[in-house]
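Chain and residue survey
Letter by letter, the chains look like this.
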Amino acid sequence: MINKEFGRRGFLKKLGMAGAVISGASLAGCSSDNKSKNNWTVEGTGGKPTGEMTYRTNPNTGDKVSLLGYGCMRWPMKKDENGKDIVDQEKVNELVDYAIEHGVNFFDTAPVYLQGQSETAMGIALKRHPREKFFIATKMSNPRMPDFKQSVEMYKNSLKNLQVDYIDYYLLHSIGGGKGIETFKERFIDNGLLDFLLKEREAGRIRNLGWSFHGDVKTFDYVLAMDVKWDFAMIQLNYVDWRHASRNNHAEYLYNELAKRNIPVNIMEPLLGGRLAKMSDHLVARLKQRRPEASVASWAFRFAGHHPGVLTVLSGMTYKEHLIDNLKTFSPHEPLTDEELEFLEETAQIYKQYPIVDCNDCKYCMPCPYGIDIPGILLHYNKCVNEGNVAKSSQDPNYAKARRAYLVSYDRTVEKLRQADHCTSCGQCNEHCPQRINIPREIERIDKFIEQLKQETL
Amino acid sequence: MAGVFFALITLLFLDFTGTIHTWFGWMAKIQFLPAVLALNVIVVIALVLLTLLMGRIYCSVICPLGALQDIFGWFGKKAKKNRYTYSKPLSVLRYVMLGVLVIALVAGFTSVAALIAPYSAFGRIASNLFAPVYLWGNNLLAAVAERADSYAFYHVDVWLKGGITFVVALVTLIALFVLAFKNGRTYCNTICPVGTVLGFLSRYSILKPMIDTSKCNGCGLCAKNCKASCIDPKNHAIDYSRCVVCLDCIDKCRKGAIKYVPRKKVAQEAAPSGATADKGRRAFITSTAIFAGASVAQAQKVKMDGGFATIEDKKIPKRETPITPPGSLSAKNLAQHCTACQLCISACPNQVLRPSGDLMNFMQPETSYERGYCRPECTKCSEVCPTGAIKPITKEEKTAIQIGHAVWIADNCIVNRDGQKCGNCERHCPTGAIQMVPKDVNDPKSLKIPVVNTERCIGCGACENLCPSRPFSAIYVEGHEVHREI
């Protein structure tokens, strides 16, 4: 199917080169040591965060919340003895300890994250710290089972799993999903669940009651207009979504509506699931040129924390390197200049020109009943777009290389039986997608593209 | 020379990318029995002439099974020097075997012929026993390449395509090893029907190793090193019907009494010309195999985000008529011409072909779509077939060759079973033979079910393979005994 000879030589060459580079580097290292030492900066900029964390104050409770919050949807995983993915608790503890040590005090989880393992892992990790040292946020994730009894059980399980007596920030998870207002009423009003939660707030077991929003903006307006005191809200905000969100859910509008009402705002998806960190070479160069020593991601975080009504910016930091980089960005947080804001707006406009799928890898669509690896297929496509491996036609100068790269990495990333060609287009996933991606349509588009690559009819 | 032939023919069975085949595919086509079955007159005549000129050099150089036995024999010689002895020809057995082959071929039991034919036996060994090792080696490299972010190697599936065929290959290999280790070319001179046929001819070959009785001191060293056991040192006679012209005897003779010369003329100065025997120095690179443990995630009971639903393996549906690959013209044509060498099966990149377990078509290729389907851009099997059992076709021709037709099973379809929208069969049909129509004639908005236009269907199995219904697909292909052009 694919010409194997292609690239093999390159691969072997690369191996050889790597060896040569290593030996070369060590030689260079020797000779440079003998030069005058005085002119060298010994300490790199890649080291530890040094400054003080920026805190924001919750006007309702006076909580001093770190501007960088820990999102708990993307913990490092490992395989257990049965090959099942489980949270790597040891690494979680390490990351949590490091984060708290450097001033992070906000942790945001949900009962459905990581197939239910996130809350338990947080409970274990945070139990090792004094309760007053951190704020914990979790959610009522009942869109798939809006039954009152089941929902209350979910709430009680959260307290139990997190090993706490009270929850600092409790959210109605992902309002605006499903059928919008109808689904919202079904989940919280008709079954009396909201009344129950308000009572829990009175009783002090919920210190702040709010919601997270995705999707239908009518629901957003509806919930804001309700006769309920919302202590905070969580929205998706980043420099692309500020004015270029899909389906016109512009973060600028959402943020301003909340700020008007003095409702503190928590930020989710400041990086769009990593899409604003893993960008095409062109955009990376553009951002790096401005600040060669700052990471690509730091721009997105500075933007998210820029608005004064923001209480905390959540980041799902899987690796310590992410954590360290973000700590640097927020210790202290440096607001953007008007010129920089303009620069990011232009960057967003360029970004929107790439055929990237809006997937943030939240996995709410999963599991697909027919076994398709939806985020796997979409993210692989995005990766190939960014790497320039999505050929437009067989006349492209790098067509052969791009084709091989796409097909080989596709089989490596997504199991054969979970690939796009097995999608039934039944559309059961669509209602779960907070980004409102028309998943079957995107999968079909990618499948057609792959089919064209395989048949060489592009 | 023999080494080169052997290595390249083996690679034909191992290489899954088709690169080797582009250059050396002809090596399979000059094998004797495939050429006979392909009615390839030119090759058959050339091989006959070669044998009449130089003796059974075919058995030493061209035949991969011969070279394989020489490798085993080489181990044998390592264990004990001068191990062979002269033996009388077992002519009866040889003719019986040849008779069996001829009768089997004429009567259409090609599968029986395939059991004893040398090239077929080698093909089975290479594709069942050597290929997995090679592929695992490739997968190991692919794993390394993946870490290095290189696309030089990619992963391929290794699976047991036919249990019985695997056992047959294994038994053949062990039997050959024992025979060749102990006695050299026993198989070639007792069982191999090709050897017998060529043996008829080689008696009359022009060039022969001849013993110069004036120089011979009767030490018998030549006989002790003759893997064909055909030198009778007492009578200074060589049984040319069994001699495979390896010329080890010439090397061994300390008196220079044996020469490879034109018969009748006992030339004085003629040095051994032509094929100096390859000593069988063939290094096998055995790669460590890693078993890629396919981990299938468990389905979950509670509605949580993430994770994978379990995917059941597909099962083979009961087909009234087996499907044969495009280019094979008909089930009969395939059965008559196929030597069951497994070359097409090793070449199939879509995991469609596997050896049949059916007695009538024993070990001949059979088509099924649980692991993949006969993809429109692929004509591999037709390119590699040396016997004309699968005739060469182009991609364009393939789009119009009907090897079967799709049949819908209403009860299995997820539209009926799960009440879900689908249409994956329709989306992937390369000929547009499937349409989706509302299930309820009176309700145009009802869920749509697939209907097959059998006139346009070519039986490629895309629908069957990609059908979400598991383990049995809701649409499957029935084979056609005779292929049609549409």
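So, how was this worked out
Sequence order as written defines residue numbering, which begins from 1 separately in each chain. Each chain gets a letter, beginning with A, and each ligand a number, beginning with 1, in the order they are written. Only residues with pLDDT of at least 70 are given local features in this predicted model, and only at 80 or more are side-chain atom pairs given and counted; all residues enter the totals for whole chains, interfaces and linings. Each side-chain value is derived from all of the structure's non-hydrogen atoms; neither hydrogens nor water enter the calculation. Helix and strand definitions follow DSSP, with helices as H or I runs of at least four residues and strands as E runs of at least two, each counted in order from the N terminus. Partly exposed describes any residue whose relative accessible area lies between the buried limit of under 20% and the exposed limit of over 50%, with all areas from a 1.4 Å probe on protein chains only and scaled to the type maximum. Residues counted as positive are Lys and Arg, residues counted as negative are Asp and Glu, and His and the chain ends are not counted. The salt bridge definition used is simple: a Lys or Arg side-chain nitrogen within 4 Å of an Asp or Glu carboxyl oxygen. Under the rule applied, a polar contact is a pair of N or O atoms within 3.5 Å (in protein, one hydrogen donor and one hydrogen acceptor; residues adjacent in sequence only if both atoms are side-chain atoms). Whether two residues touch is decided by their heavy atoms; if any such pair falls within 4.5 Å, the residues are in contact. The rule is short: rings of Phe, Tyr and Trp, with Trp giving its six-membered ring, pair when the centres are within 6.5 Å, and they are stacked under 30 degrees, edge-to-face over 60, tilted in between. Start and end points for every domain follow an automatic or database-based domain assignment. In short, buried area is how much 1.4 Å probe accessible area vanishes from two parts on joining, totalled over both. Here the term charged refers only to Asp, Glu, Lys and Arg, the term nonpolar to Ala, Val, Leu, Ile, Met, Phe, Trp, Tyr, Cys and Pro, and the term polar to all other amino acids, Gly among them. Here, the term nonpolar core denotes a set of buried Ala, Val, Leu, Ile, Met, Phe, Trp, Tyr and Cys residues that are joined through side-chain atoms within 4.5 Å.

A few points about the side chain of Lys-314 of chain B
Residue and element names in this part refer to chain B. Here Lys-314 shows up in the loop between strand S4 (258-262) and helix H16 (331-337). No salt bridge is formed by the buried Lys-314, whose closest oppositely charged neighbour, Glu-464, lies at an N-O distance of 7.0 Å. In this structure the side chain of Lys-314 is engaged in a polar contact, spanning 3.1 Å, whose partner is the backbone oxygen of Glu-464. Non-local contacts of Lys-314, meaning those with residues more than four positions away in its chain, are made with Glu-370, Glu-464, Asn-465, Cys-467, Ser-469, Arg-470, Pro-471 and Ser-473.

Looking at the packing of aromatic side chains
The geometry of an aromatic ring pair is captured by two quantities: the separation of the ring centres and the angle between the planes. All names here are of chain A. With the rule as written, the count across this model stands at 32 aromatic pairs over all chains. Ring plane angle 85 degrees and centroid distance 5.3 Å describe the contact between Tyr-155 and Tyr-170, whose orientation is recorded as edge-to-face. Placement of the pair is Tyr-155 in helix H4 (residues 148-162) and Tyr-170 in strand S8 (residues 167-175), with a sequence separation of 15 residues. Taken as a pair, Tyr-155 and Tyr-170 share a single burial class, namely buried. An aromatic cluster is defined as three or more aromatic residues linked by ring pairs; in this entry it consists of Trp-211, Phe-213, Phe-220, Trp-230 and Tyr-253.

Topic: the domain arrangement of chain B
Residues and elements named next belong to chain B. Taken as a whole, chain B is organised into domain 1 (2-293) and domain 2 (331-485). For domain 1 and domain 2, the distance between their C-alpha centres works out to 38 Å. Opposite the 30 residues of domain 1 that make contact, domain 2 presents 31 residues. For the pairing of domain 1 and domain 2, the buried interface totals around 2,600 Å² over both sides, and the portion due to carbon and sulfur atoms is 61%. Seen at the junction of domain 1 and domain 2, the total is zero salt bridges. For the side of domain 1 that touches domain 2, the residue count by class is 14 nonpolar, 12 polar and four charged.

Quick word on the nonpolar core
Across soluble globular proteins, you tend to see nonpolar side chains buried next to one another. The biggest cluster of nonpolar side chains holds 138 residues, and the ones touching the most others in it are Trp-75, Phe-107, Trp-211, Trp-230, Tyr-239, Ile-374 and Tyr-406 of chain A. Here the element with the most residues in this core is helix H11 (residues 296-306) of chain A; it accounts for seven residues. If near-sequence neighbours (up to four positions away) are discounted, Ile-374 of chain A is found in contact with Cys-365, Met-366, Cys-368, Cys-429, Ile-439 and Ile-443 of chain A. Counting residues in hydrophobic clusters, the runner-up holds 107 residues, among them Leu-8, Val-61, Ala-340 and Val-384 of chain B.

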